[in-house]
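Given next are the chains, with one letter for each unit.
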Amino acid sequence: MLLIPCPWCGDRDETEFHYGGQAGVPYPERPAELTDEQWGEYLFVRDNPKGEFAERWSHSAGCRRWFNLVRNTATHEIVR
Amino acid sequence: MRLPEGGRIDRTKPLRFTVDGIEHTGCAGDTLASAMIANGLLTVAPSTYLGRPRGIFAAGVDEPNALVQLDDPMQLATTVELVDGLAATTLRGKGRLTDEPDAARYDKRNAHCDVLVVGGGPAGVAAALAAGRTGARTILADEQRELGGSLLTENRLLDWLADAVEELDALPETRVLTGTTAFGYYDQNFVACASKTRLWHVRAKHVVLATGAHERPLVFVDNDLPGIMLASAVRQYVNRYAALPGENIVVATTNDGAYGTAFDLAGRVSTIVDSRSEPPAELVNRARELGIEVLAGSTVRQALGTQRIGGVRVGDREIACDVLAVSGGWNPAVHLFSQSQGKTRYDERKAAFVPDKSVQAQHIVGAANAVYDLTGCLDEGFSAGIEAAKMTGFDGEKPAAPYTAREVITDPHPVWFVDGPEGRQFVDLQRDVTVADVRRATGAGMRSVEHVKRYTTIGTAHDQGKTSGFAAIGVIAQLLGAESPQGTTTYRPPYTPVSFALLAGRDRGELHDPVRKTPMHDWHVRNGAVFENVGQWKRPWYYPQPGEDMKAAVLRECRAARTDVAVMDASTLGKIDIQGPDAGEFLNRVYTNAFAKLKVGHCRYGLLCKADGMVFDDGVVMRVAEDRFLATTTTGNAAAVLDWFEEWAQTEWPDLEVWFTSVTEQWATIAVVGPQARVVLAIVAPDVDCSQDAFDFMTFKDAFLADGTPARIARVSFSGELAFEINVDGRAGARVWDAVMATGLPTPYGTETMHVLRAEKGYVIVGQDTDGTVTPQDLGMEWIVSPRKDFVGKRSYQRPDATRPDRKQLVGLLPTDPDELLPEGAQLIAPDTPLTPPVPMLGHVTSSYHSAALERTFALALVKGGRQLIGRTVLAPLRDRTIAATITEPIFYDPEGARRDG
Amino acid sequence: MTVDLREIALPRQVDLRVDPIAPAATRIGELLGTPLPVVPNTGSEAVLWLGPDEWLVFGASEDQLRTALGDTPGSVVDVSANRVVYELSGPDARDVLEQGCAIDLHPRAFGPGRCAQTMLARANVILHQVDAAPTYRLLVRPSFAGYLTSWLRDAMSAAG
Ligand SMILES: [Zn+2]
């Protein structure tokens with residue numbers, strides 16, 4: 001079980017968190033102006049690297065704040 | 001045979017036990033295996049597949065043969081602590097689960113420490129002492145009942161050990177867990193440990209692995225005969241338990257380790273067979289002094305005997321013996337290290353996979369790190385303990401080591417198997433797998449040990465390859481002509497078997513999962529409600545009266561709601577308070593319909609979709625003030641909707657000033673439904689004018705009830721009937737419910753009636769009529785999708801997939817036979833579709849009920865292109881019959897909406 | 001077993017959201033007689049930290065807090081009925097909690113004046129250590145109260 005550093009509450013068990021997928025994929029500013037392909041890209045396509053991955057988490061059972069961290073998907077080391 | 005003296009057993013405390021029904025006597029301090037050996041019982045049940053005789057082989061968790069059935073199935077005689085009255089049955093491979101529930105109390109502890117030391121041998125004790133003395137919070141876990149590890153086998157440093165144990169017990173922040181196996185090593189130093197009845201979740205800042213090493217067997221012809229035992233096991237039985245397995249012993253080894261066994265049993269050992277052509281002179285001389293012959297550069301080719309070993313063949317010689325103590329070298333116990341993602345490498349000189357690189361905050365020391373001399377083990381342990389403590393913010397001196405004679409460990413010379421019949425050279429004793437089987441695997445083209453493992457089943461029995469794994473790796477290497485072994489199988493938790501009862505702990509029976517109850521729950525129980533689980537909530541499903549079945553009760557409840565007045569406990573609905581100057585703007589962006597202009601005091605039904613446009617949740621939103629809303633969610637989605645709001649507000653629109661607070665349980669909610677609802681309200685809330693002119697549909701009023709309780713009364717309806725929802729402080733819920741019932745007018749109804757009433761009106765239930773692949777348009781709810789504003793998911797409705805004509809759409813179904821009830825989930829097909837797979841499906845039934853109002857059955861369904869098929873017939877082929885139904889509009893009752901005003 | 005469990009009636013509970021550096025936060029501190037704690041996971045019997053801009057306030061009413069908030073954007077919600085409060089007290093109290101709570105409750109890591117929103121067994125709780133007895137307050141949704149008290153009594157029977 002991961003030990004995840006909430007920027008506010010400190011280290012807590014993974015079970016207190018909600019996973020939010022890849023970080024840095026903002027909701028498009030003007031969705032209506034996107035092509036179907038661009039919108040499909042936003043909806044469905046995410047990186048899946050072996051190694052460091054910036055991702056979003058929410059401390060849902062604690063302070064309910066969202067934050068980003070970088071995790072190594074191969075070793076589960078939380079890099080920063 | 002029991003030796004007259006020595007050992008760590010208590011001869012003054014005899015313990016009676018039985019094996020296969022025959023009574024024997026052991027001593028306190030025995031394991032079942034040591035007591036058996038002391039009673040001359042070396043042979044256990046025959047092998048699983050071939051039925052060959054087998055005996056006790058090891059002295060610990062690596063035992064392949066000595067399985068016994070106690071109350072628990074498949075225990076190892078070598079790890080079972082002897083207790084008075086123990087009744088064991090030897091097991092041929094498979095145990096049996098008892099039918100009786102396990103009455104023992106299993107529980108769990110969460111523990112945190114600065115330094116966790118796994119393994120209580122010399123290196124582990126040294127590490128724990130060093131760390132513990134600094135004041136670091138230290139846990140030392142060892143699977144054995146007694147700390148000491150190899151010291152107990154080798155009878156060394158026992159005084160130092162006793163002092164250390166005493167000191168560890170006295171250190172205030174150090175905890176020693178004996179009889180506790182660290183069986184799983186997960187991320188961020190999360191280590192699961194198991195004692196007999198307690199599961200430990202240990203989170204350590206630093207871990208010191210001092211997990212020791214496992215001795216390897218030797219592979220030769222008939223190497224499975226009873227009497228063939230690991231050399232260290234023979235030594236342990238004699239020194240620790242004063243249990244002598246034989247009188248005439250031959251030792252066969254590839255390394256220095258087994259010499260200690262020969263020396264400790266001098267007088268009973270005739271010969272040491274050493275694979276090395278030049279064993280260390282010091283050891284050879286010592287053996288000769290003790291009258292033991294050393295055959296250098298030799299290996300045992302075959303064991304002689306049928307039921308038990310009677311001798312060995314070494315070259316041309318036959319040497320008589322009743323025990324053959326074997327040592328094929330040592331494997332560092334890297335199981336936990338590997339689970340923690342540590343990498344191993346093959347060390348040619350040590351002929352073993354040794355730790356190479358740690359991934360987590362960790363040290364690995366002693367025999368687990370392929371350090372086999374006691375001086376070295378202690379030194380590594382002390383150093384690691386101090387370093388671990390320093391890394392966690394503590395400081396101290398490295399403790400002084402006790403005196404130990406310097407040992408020089410000479411490299412081993414491994415022997416993987418011998419010339420001779422390969423079908424009688426056993427690699428895996430538990431699975432009866434031989435060199436011949438491995439040759440078949442490599443002959444079939446397999447190279448990797450992972451593949452050979454799966455092909456031959458080597459290492460898949462209860463010990464998961466502790467004795468057989470490396471033997472197989474060596475055999476494969478030799479068969480393939482490789483220079484050295486090529487990699488191990490993957491080490492996975494658990495290191496030793498863990499019972500499900502232990503993992504379940506207290507999470508069983510009423511503690512298995514929380515049962516959530518509303519403030520009115522006791523009333524429901526007293527009034528005979530049958531409950532339905534909705535998530536963790538218990539909700540009244542229906543309230544049968546004497547003699548009523550579910551169908552009758554639900555029809556009666558429905559009739560009351562449609563013709564009179566009925567009430568439901570709606571407290572489980574999720575509720576979220578939304579405040580801030582941008583609250584309206586926020587709701588506009590997440591709901592498909594508009595909220596920014598909703599008037600204070602008004603309610604609006606809203607639909608939430610995910611970005612892919614699929615329906616996610618729905619509920620009524622009230623505007624409490626310009627900058628304050630109260631949103632309701634479905635019962636099961638309350639937490640998910642709050643998470644959803646927080647996600648968008650925090651991560652996408654941090655500039656919006658809006659805040660969310662869960663108030664699900666702040667409010668208890670009573671739905672009063674039916675044409676007579678105003679009569680009830682007039683009694684319960686006499687100060688509220690609930691006439692049609694004074695109380696509009698989809699508005700709410702804050703008021704005081706007759707007894708002064710503040711309430712928020714909303715005129716909303718999920719049934720099509722005139723209805724009011726009375727919301728009160730949760731603590732007043734039971735009292736207000738009583739007041740409503742005390743009017744003597746309403747019929748209580750449960751979730752089933754609620755479902756029927758809403759389905760008659762074609763109102764969907766998210767999660768029942770939708771499944772994450774359904775758009776508002778699929779539900780025929782275009783009216784709630786705002787064309788004027790943007791909202792999460794809107795863009796998705798222009799995707800080609802969202803506009804396909806064959807999307808599944810919500811329709812009604814009327815079975816041709818009005819008494820036939822379509823099963824929910826039934827698949828639908830077009831008439832004349834052949835029933836040979838694959839059968840093209842049109843869709844499926846999502847909701848299906850008996851209707852009191854319609855006096856017949858009806859259903860809702862998702863059907864491909866369904867709205868184009870209205871009026872057509874579809875079939876639901878079931879196991880025993882086929883139900884025909886006509887596709888209709890998904891609204892069955894009061895399509896004009898005339899009833900909502902009462 | 002030296003541990004005691006009882007339900008206690010706390011004065012009103014209100015969930016407060018406000019920017020801690022806004023003057024309104026100071027006004028609210030004055031109303032409460034103690035500043036809003038800004039160190040995460042700390043608090044007192046008057047107010048607990050729940051998030052960087054969120055507190056659970058005891059005693060003051062929604063109206064009082066709304067007045068103190070004034071025109072400052074924020075949120076004030078009466079949640080008095082949203083949680084019930086238990087007090088678990090005595091030398092074995094920590095051992096009881098450690099059977100189902102994964103956060104570190106050792107005095108070096110947690111102590112009087114510390115609080116946490118976390119899981120106890122399978123229920124979300126706000127855990128607040130009041131004194132060194134130790135006495136812990138457990139705030140839990142009323143719907144979970146039956147489960148949680150059953151769990152606590154079971155754990156108490158094995159504590160120590
Ligand atoms: Zn947090």
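Residues numbered from 1 in each chain as written. Chains lettered and ligands numbered in written order. Predicted model: local features only at pLDDT ≥ 70, side-chain atom pairs only at ≥ 80, totals over all residues. Heavy atoms only, no water.

- For chain B, the name recorded in an unreviewed UniProt entry is Sarcosine oxidase subunit alpha, with Kutzneria buriramensis as its organism.
- Entered under Sequence similarities (unreviewed entry) in the UniProt record, the comment concerning chain B runs "Belongs to the GcvT family." (UniProt positions renumbered as here; feature names shortened; annotations may be inferred.)

- The name that an unreviewed UniProt entry assigns to chain A is Sarcosine oxidase subunit alpha/sarcosine oxidase subunit delta, with the source organism given as Kutzneria buriramensis.

## Points about the overall build of chain A
- On a plain count of helices and strands, chain A comes out with 1 helix and 5 strands.
- N-terminal to C-terminal, the α/β element order of chain A is β-β-β-α-β-β.
- For a compact globule of 80 residues, the expected C-alpha radius of gyration is about 12 Å, and chain A comes in at 15 Å, more than 25% above that figure.
- With respect to the principal axes defined by its C-alpha atoms, chain A has extents near 40 × 30 × 20 Å.
- Burial status across chain A gives 49% buried among its 80 residues.
- Taking as baseline every contact in chain A between residues at least 6 positions apart, the subset at least 24 positions apart corresponds to 47%.
- Taken as a whole, chain A presents about 4,200 Å² of accessible surface, with 47% of it coming from carbon and sulfur.
- Averaging the locations of the 9 positively and 13 negatively charged side chains of chain A gives two centres separated by 6 Å. (Helix = DSSP H or I, 4+ residues; strand = E, 2+ residues; numbered from the N terminus. Rg over C-alpha atoms; globule rule 2.2 N^0.38 Å. Buried < 20%, exposed > 50% of the residue type's maximum accessible area, 1.4 Å probe, protein only. Contact = heavy atoms within 4.5 Å. Areas by Shrake-Rupley, 256 points an atom, 1.4 Å probe, with all protein chains shown as cover. Lys, Arg positive; Asp, Glu negative; His and termini not counted. Charge placed at Lys NZ, Arg CZ, Asp CG, Glu CD.)

## Looking at the sheet that holds strand β47 (residues 882-888) of chain B
All names here are of chain B.
- Taken in spatial order, the 6 strands line up as β43-β44-β45-β42-β47-β46 in an open sheet, and their pairing is antiparallel. Of all strands in the sheet, those bounded by a partner on one side alone are β43 (827-828) and β46 (873-877).
- In terms of strand pairing, β43 meets strand β44 (residues 843-851) through 2 bridges, oriented antiparallel. Each bridged residue has a counterpart across the sheet, and for Q827 the counterpart in β44 is H844. (Pairing = 2+ DSSP bridges.)

## Quick notes on the coordination of the zinc ion
All names here are of chain A.
- In this structure, C6 (SG), C9 (SG), H59 (ND1) and C63 (SG) serve as the protein donors to the zinc ion, at separations of 2.0 to 2.4 Å.
- Taken together, the 4 donor atoms surrounding the zinc ion define angles of 104 to 118° at the centre, an arrangement classified as tetrahedral.
- Positions of the donor residues of the zinc ion along the chain correspond to the pattern C-x2-C-x49-H-x3-C. Taken together, the residues C9 in the loop between β1 (3-6) and β2 (10-13) and C63 in the loop between β4 (52-58) and β5 (66-72) connect sequence positions 54 residues apart. Summarising the burial analysis for this pair, C9 and C63 share the class buried. (Donors = N, O, S within 2.8 Å, 3.2 Å for Na, K, Ca; no water. Tetrahedral: all angles 85-135°; square planar, octahedral: opposite > 155°, others 65-115°.)

## Re the interface of chain B and chain C
- Between chain B and chain C, the residue contacts involve 43 residues of the former and 38 residues of the latter.
- For the pairing of chain B and chain C, the buried interface totals around 3,300 Å² over both sides, and the portion due to carbon and sulfur atoms is 43%.
- The three residues of chain B that bury the most area against chain C are N110, W659 and E665 of chain B, which together make up 19% of that side's buried surface.
- Our count for the contact surface shared by chain B and chain C stands at 8 salt bridges. (Buried area = accessible area lost by both parts, 1.4 Å probe. Salt bridge = Lys/Arg side-chain N within 4 Å of Asp/Glu carboxyl O.)

## Some remarks on the side chain of D769 of chain B
All names here are of chain B.
- Residue position: D769 is located in the loop between α20 (751-760) and α21 (800-803).
- Under the relative-accessibility criterion, D769 is labelled buried at 0%.
- In this structure the side chain of D769 is engaged in a polar contact, spanning 2.6 Å, whose partner is the side chain of T846.
- Beyond its immediate sequence surroundings of up to four residues, D769 is in contact with R758, Y763, V764, V774, L779, L810, T846, S847, L860 and L862. (Polar contact = N/O pair within 3.5 Å; in protein donor to acceptor, adjacent residues only side chain to side chain.)

## Comments concerning the domain arrangement of chain B
- Domain boundaries assigned for chain B yield domain 1 (10-98 + 217-327), domain 2 (107-214 + 333-391), domain 3 (415-480), domain 4 (521-571 + 666-757), domain 5 (574-662) and domain 6 (804-896).
- A straight line from the C-alpha centre of domain 3 of chain B to that of domain 4 of chain B covers 70 Å. (Domains from an automatic or database assignment.)

## Quick notes on the pattern of salt bridges
- Taken as a whole and judged by the stated rule, the model has 79 salt bridges over all chains.
- Across the pair R156 of chain B and E154 of chain B runs a salt bridge whose closest N-O atoms are separated by 3.3 Å.
- With a relative accessible area of 22%, R156 of chain B lands in the partly exposed category.
- Note that R122 of chain C is salt-bridged to D513 of chain B, the shortest N-O span being 3.9 Å. Taken together, the positions of R122 of chain C in the loop between β7 (115-120) and β8 (123-131) and D513 of chain B in the loop between α13 (500-504) and α14 (521-526) put the pair across two chains.
- Accessibility expressed as a relative area gives 32% for D513 of chain B, which makes it partly exposed.
- When salt bridges with common partners are traced through the structure, they connect R105, D107, R109, R198 and R506 of chain B together with D95 and D154 of chain C into a single cluster.

## As for the interface of chain A and chain C
- With 10 residues of chain A at the interface, the matching set in chain C holds 16 residues.
- The junction of chain A with chain C conceals about 990 Å² of combined surface from both sides, 47% of it contributed by carbon and sulfur atoms.
- On the chain A side of the interface with chain C, the three residues burying the most area are W8, R12 and R65 of chain A, jointly 45% of the side's total.
- Here chain A is connected to chain C by 3 salt bridges.
- The interface formed by chain A and chain C contains 5 residue pairs in polar contact (both at pLDDT 80 or more).
- Counted by class, the side of chain A that touches chain C contains 4 nonpolar, 1 polar and 5 charged residues. (Nonpolar A, V, L, I, M, F, W, Y, C, P; charged D, E, K, R; others polar.)

## Description of the UniProt feature "domain: Aminomethyltransferase C-terminal" (unreviewed entry) in chain B
- Residues annotated in UniProt with the feature "domain: Aminomethyltransferase C-terminal" (unreviewed entry) correspond here to residues 808-894 of chain B.
- The annotated region residues 808-894 of chain B carries 0% helix and 46% strand content, and the separation between its end C-alpha atoms amounts to 25 Å.

## Some remarks on the packing of aromatic side chains
- Scanning all chains against the criterion turns up 32 aromatic pairs over all chains.
- Both rings, one in Y591 of chain B and one in F595 of chain B, keep their centres 4.9 Å apart while their planes meet at 55°; by these two values the pair is tilted. Exposure class is identical for Y591 of chain B and F595 of chain B. Each is buried.
- Seen in terms of ring centroids, F791 of chain B and Y797 of chain B are 6.3 Å apart; in terms of plane orientation they differ by 45°. Their pairing is tilted. Take F791 of chain B and Y797 of chain B: they sit in the same class, and that class is buried.
- Through successive ring pairs, a cluster of aromatic residues spans Y27, W39 and Y42 of chain A together with F586, Y591, F595, F616, W644, F645, W648, W653 and F660 of chain B. (Phe/Tyr/Trp six-rings, centres within 6.5 Å; stacked < 30°, edge-to-face > 60°.)

## Here's the deal with the environment of F394 of chain B
- Within the secondary structure layout, F394 of chain B lies in the loop between α9 (374-391) and β27 (426-428).
- Along the primary structure F394 of chain B and S796 of chain B are separated by 402 residues, whereas in three dimensions their C-alpha atoms are 57 Å apart.
- Contact partners of F394 of chain B, with chain neighbours within four places excluded, come to D114, T134, G135, A136 and A389 of chain B together with R108 of chain C.

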